[in-house]
Amino acid sequence: MLQWVWEELRKRAGVPLLYAPSLPLLHNPFLPCVADGIASHLIDKMHLHTFADLFPNGKFIPPPASEEGGTVPFSELFLYHRLRAACRTLFDSFPDAPPVFTALEAVVSSPSPRKLVTRIYRHMQNMAPEVTPKSMLYWNEKLQPEITEEQWEFCCGQLAELSPNYKLRLIHFKYLHRFYRTLISLRKMGLRETDECWRCGSASASFLHIAWSCPRLKGYWSQIFVSVNQIVGRSDVPSPLLGLLGYVKDTPPTVRRLHALLLLFAKRRVGNHLG
């Protein structure tokens, strides 16, 4: 059966008699491009030992499969496409060859080595899954409803639009990413004996507590929102999304920057006590 498959393959793809089914893949002087395109761990995983293993049932082997529904390592996909490109170079064509190169295959088989590493790295970045920032995950855990990606991108974009003053930008940045030292972190560093809030005495005072939800701050933020609403002509309800993260996208563009700056000055005063 194997010999028949090999004969059909040889007729369809023009494989010379030199490449017999039992020909080993590695350490073979007749197959330098194929041997260079695979690694030992890929051979072990895909059970590739002889040349016939590349064309089971007359078709080129499929890409390596992931285990337990996970993601196939990029290195294995890279080696697989190098192997397939090497076979194309060797035979000009072979069964089950897709008419169009994949993006990675086009990079690997490019005749020009110019900036090859850069192009491969860029392709790896495009393949990498998007990672949610840790700061956004924190705010998602604390805020109800959760902050959306569109809201988070707007809040981060405020850094460049708030003010040319870098000190004011830094305040907004530190609130977004919680760069202020909390009582919990100070206790862990041995700089405080307790993590109780110095305002209300609550235990385990988190960043959100000392910046927003402390009962002693409730009156402060309520008055801030009353005053700011009167200035910008709004009727916003106090919320950390607006007060701490500066999400003022719903404010008319004519007073949006003023709205954001007023809230920034309000949280700067709170931040003076955070360290």
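Residues numbered from 1 in each chain as written. Predicted model: local features only at pLDDT ≥ 70, side-chain atom pairs only at ≥ 80, totals over all residues. Heavy atoms only, no water.

The protein has the name Reverse transcriptase zinc-binding domain-containing protein in an unreviewed UniProt entry, where Pleurodeles waltl is given as its organism.

**Here we look at the overall build of the protein**
Counting its secondary structure elements, the protein contains 14 helices and zero strands. Counting from the amino terminus, the protein carries its helices and strands in the arrangement α-α-α-α-α-α-α-α-α-α-α-α-α-α. Looking at the protein residue by residue over its 275 residues, the buried ones come to 40%. For the protein, the computed accessible surface area is about 16,200 Å², with 56% contributed by carbon and sulfur atoms. (Helix = DSSP H or I, 4+ residues; strand = E, 2+ residues; numbered from the N terminus. Buried < 20%, exposed > 50% of the residue type's maximum accessible area, 1.4 Å probe, protein only. Areas by Shrake-Rupley, 256 points an atom, 1.4 Å probe, with all protein chains shown as cover.)

**Describing the nonpolar core**
A general feature of soluble globular proteins is that nonpolar side chains tend to end up buried together. Judged by nonpolar contacts, the single largest core of 42 residues is most densely connected at Trp139, Tyr175, Trp221, Leu244 and Leu245. Only helix H7 (134-142), helix H8 (149-161), helix H9 (166-176), helix H10 (183-188), helix H11 (207-213), helix H12 (215-232), helix H13 (240-243) and helix H14 (253-271) provide two or more residues apiece to this core. (Core = buried A, V, L, I, M, F, W, Y, C linked by side-chain atoms within 4.5 Å.)

**Describing empty space enclosed by the protein**
For the structure shown, the criterion picks out one cavity of 30 Å³ or more. Its boundaries defined by the atoms lining it, the largest cavity holds a volume of some 30 Å³. Around the largest cavity, the lining residues are Gln158, Leu162, His172, Gly246, Ala260, Leu264 and Lys267. It is H14 that provides the largest number of residues to the lining of the largest cavity, a total of three residues. (1 Å grid on protein atoms, 1.4 Å probe; cavity = no way out; pocket = protein on both sides within 12 Å on 5 of 7 lines; lining within 4 Å. Points joined across faces, edges and corners; volume = space filled by probe spheres on them.)

**Quick notes on the packing of H12 against H14**
Interhelical geometry of H12 versus H14 gives an angle of 160° and a closest axis separation of 11 Å. As summarised for this structure, H12 and H14 are arranged roughly antiparallel, according to the angle between their axes. Seen from above, H12 lies across H14 with right-handed handedness. Where H12 abuts H14, its residues Leu217, Tyr220, Trp221, Ile224, Phe225, Val228, Ile231 and Val232 lie against Val255, Leu258, His259, Leu262, Leu263, Ala266, Lys267, Arg269 and Val270. Residues of the contact of H12 with H14, tallied by class, amount to 14 nonpolar, one polar and two charged. (Axes fitted to C-alpha atoms, helices over the stretch in contact; angles between N-to-C directions. Parallel < 35°, antiparallel > 145°, perpendicular 65-115°, else oblique. Left-handed = near helix turned anticlockwise from the far one by under 90°. Contact = heavy atoms within 4.5 Å. Nonpolar A, V, L, I, M, F, W, Y, C, P; charged D, E, K, R; others polar.)

**Considering the side chain of glutamine 151**
Mapped onto the elements, glutamine 151 comes out in helix H8. Setting aside anything within four residues of it in sequence, one finds glutamine 151 in contact with Glu146, Leu241 and Tyr247.

**What to know about the side chain of histidine 259**
Along the chain, histidine 259 turns up in helix H14. Judged by relative accessible area, histidine 259 falls into the buried class, the value being 1%.

**Quick notes on unusual backbone geometry**
Of the consecutive residues glutamine 144 and proline 145, the connecting peptide bond is found in the cis state with omega at 0°. In this structure, proline 145 sits in the loop between H7 and H8. Look at arginine 178: it is not a glycine, yet its phi comes out positive at around 55°. Counting through the fold element by element, arginine 178 comes out in the loop between H9 and H10.

**Points about the packing of H8 against H9**
Two numbers describe how H8 lies on H9: the axes approach to 8 Å, and their chain directions differ by 155°. Taken together, the axes of H8 and H9 lie roughly antiparallel to each other. The handedness of the crossing between H8 and H9 comes out as left-handed. For the pair H8 and H9, contact is made by Trp152, Cys155, Cys156, Gln158, Leu159 and Ala160 and by Arg169, His172, Phe173 and Leu176, respectively.

**A look at the environment of valine 232**
Relative to the helices and strands, valine 232 resides in helix H12. When sequence neighbours within four positions are dropped, the list of residues in contact with valine 232 reads Val255, Leu258, His259 and Leu262.

**Focus: H8**
The α-helix winds at 3.6 residues per turn, so residues separated by three or four positions along the chain end up facing the same way. With 13 residues, H8 extends 19 Å between its outermost C-alpha atoms, agreeing within 8% with the 18 Å of an ideal straight helix rising 1.5 Å per residue. Within H8, burial applies to Gln151, Trp152, Phe154, Cys155 and Gln158. Take H8 and look down its axis: the buried residues cluster within an arc of 160°, on one side only. Across from the buried face of H8, at angles greater than 90 degrees, the exposed residues are Glu153 and Ala160. Close packing links the buried residues of H8 with H7, H9, H13 and H14. (Expected span 1.5 Å × (residues − 1). Arc of directions from axis to C-beta.)

**Regarding the confidence of the model for the protein**
Confidence in the prediction of the protein, expressed as mean pLDDT, is 76, and 71% of residues score 70 or more. Averaged pLDDT values over the elements of the protein bottom out at 51 in helix H1 (residues 2-13) and peak at 93 in H12. Here residues 96-101 is a poorly scored stretch, pLDDT under 50, and it has eight contacts once near neighbours within four places are set aside; other chains count. (pLDDT = per-residue confidence, 0-100.)

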